[in-house]
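One-letter residues, chain by chain:
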Amino acid sequence: MKLYYHPASPFARKPRIAAALLGIELETQVVDILAGAGQAPDYLRLNPHGKVPTLVDGDFSLWESNAIVQYLGEKAADTSLFPRDSRSRADILRWQFWESTTWAPPSGVFIYENVLKPLLGQGEADGEEIRKATEKFVRAAKVLDDHLAQHSWLVGDTLTVADTSVAAVLMYAETARYPLDGYEHIHAWFGKIRQLPAWTATEPSA
Ligand SMILES: N[C@@H](CCC(=O)N[C@@H](CS)C(=O)NCC(=O)O)C(=O)O
């Protein structure tokens, strides 16, 4: 299986962390999205959005990071990271959908306004965009923090791919200045994820 990714992409990091944890070896290829390589006709045939990640397994091309994580989970022998019972499976899906719809979007605003804009010379962060993203982000962070106040991990009592999917976008928590002060349970949980060899091996600088 081959994963097309960019080392700085939190979405592409999700399947990379999952593969490392699940013991799945992936062939990888960097798509330089910042240089427009996502729009190359050959790549658009694999992923019509021109985004990363994309997984190719034989004649099957799969985009959407959490769908790729699910596919890798199905392939793996390890059932603790991707339990097979229907409640755990639905619970993992719940957190992955929540990540895509509720957690990543405001995080993406902080990444764009506070990291990408300065990097690309696109001017100052837009205060109104930051204000709207902060409102959404703190509502979501409270839900996550309240859950982690009662549970060590998102699903069941061990690490699963739900944790790594939700944590991926936190790779920019400091540099993009997410409003995370006071969410002590998120900090404690993320502290454990950051220590995983699968996390450190997938750092952009690794
Ligand atoms: N919902 C998609 C989002 C993928 C996405 O937005 N990837 C970004 C990098 S983090 C990208 O490739 N952007 C390039 C572009 O928009 O041209 C997923 O989870 O896979």
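Residues numbered from 1 in each chain as written. Predicted model: local features only at pLDDT ≥ 70, side-chain atom pairs only at ≥ 80, totals over all residues. Heavy atoms only, no water.

The next thing to look at is the domain arrangement of the chain. The domain boundaries assigned to the chain delineate domain 1 (2-75) and domain 2 (86-197). For domain 1 versus domain 2, the distance between C-alpha centres works out to 20 Å. Here domain 1 packs against domain 2, burying approximately 1,300 Å² in sum over the two surfaces, 63% of which is carbon and sulfur. The largest share of the area that domain 1 buries against domain 2 comes from P10, N66 and Q70, three residues that together contribute 34% of it. Applying the counting rule to domain 1 against domain 2 returns 2 salt bridges. We note a salt bridge from K14 to E99, for which the minimum N-O separation is 2.7 Å. Viewed at the interface, domain 2 and domain 1 are joined by 8 residue pairs in polar contact (both at pLDDT 80 or more). Listed by contribution, the elements that provide at least two residues to the side of domain 1 that touches domain 2 are α1 (10-22) and α3 (65-75). (Domains from an automatic or database assignment. Buried area = accessible area lost by both parts, 1.4 Å probe. Salt bridge = Lys/Arg side-chain N within 4 Å of Asp/Glu carboxyl O. Polar contact = N/O pair within 3.5 Å; in protein donor to acceptor, adjacent residues only side chain to side chain. Helix = DSSP H or I, 4+ residues; strand = E, 2+ residues; numbered from the N terminus.)

Here we come to the site of the ligand. Taken together, S9, P10, F11, I33, K51, V52, P53, E64 and S65 make up all the residues around the ligand. Backbone polar atom of V52 to an oxygen atom of the ligand: 2.8 Å apart, as the coordinates give it. Considered on its own, the ligand offers 520 Å² of accessible surface; in the complex 71% of this is hidden by protein. Among the residues making up the shell around the ligand, the classes are represented as 5 nonpolar, 2 polar and 2 charged. (Near = heavy atom within 4 Å. Areas by Shrake-Rupley, 256 points an atom, 1.4 Å probe, with all protein chains shown as cover. Nonpolar A, V, L, I, M, F, W, Y, C, P; charged D, E, K, R; others polar.)

Below, the discussion takes up helix α5 (residues 127-150). When the terminal C-alpha atoms of α5 are compared, their 34 Å separation across 24 residues agrees well with the 34 Å that a helix rising 1.5 Å per residue should span. Along α5, the residues classified as buried are A133, F137, A140, A141, L144, D145, H147 and L148. Close packing links the buried residues of α5 with α4 (86-120), α6 (161-167) and α7 (184-194). The distance from a side-chain oxygen at the start of α5 to the backbone nitrogen of E128 is 2.9 Å, and the residue carrying that oxygen is D126. (Expected span 1.5 Å × (residues − 1). Buried < 20%, exposed > 50% of the residue type's maximum accessible area, 1.4 Å probe, protein only. Contact = heavy atoms within 4.5 Å.)

Burial of strand β1 (residues 2-5) is two-sided: the residues K2 and Y4 facing one way and the residues L3 and Y5 facing the other way are all buried. Looking at chain direction, β1 and strand β2 (residues 27-30) are connected through 4 bridges and run parallel. Each bridged residue has a counterpart across the sheet, and for L3 the counterpart in β2 is T28. Following the chain from β1 across α1 to the adjacent parallel β2, one finds a crossover that is right-handed. (Pairing = 2+ DSSP bridges. Right-handed = clockwise from strand over helix to strand, strands pointing away.)

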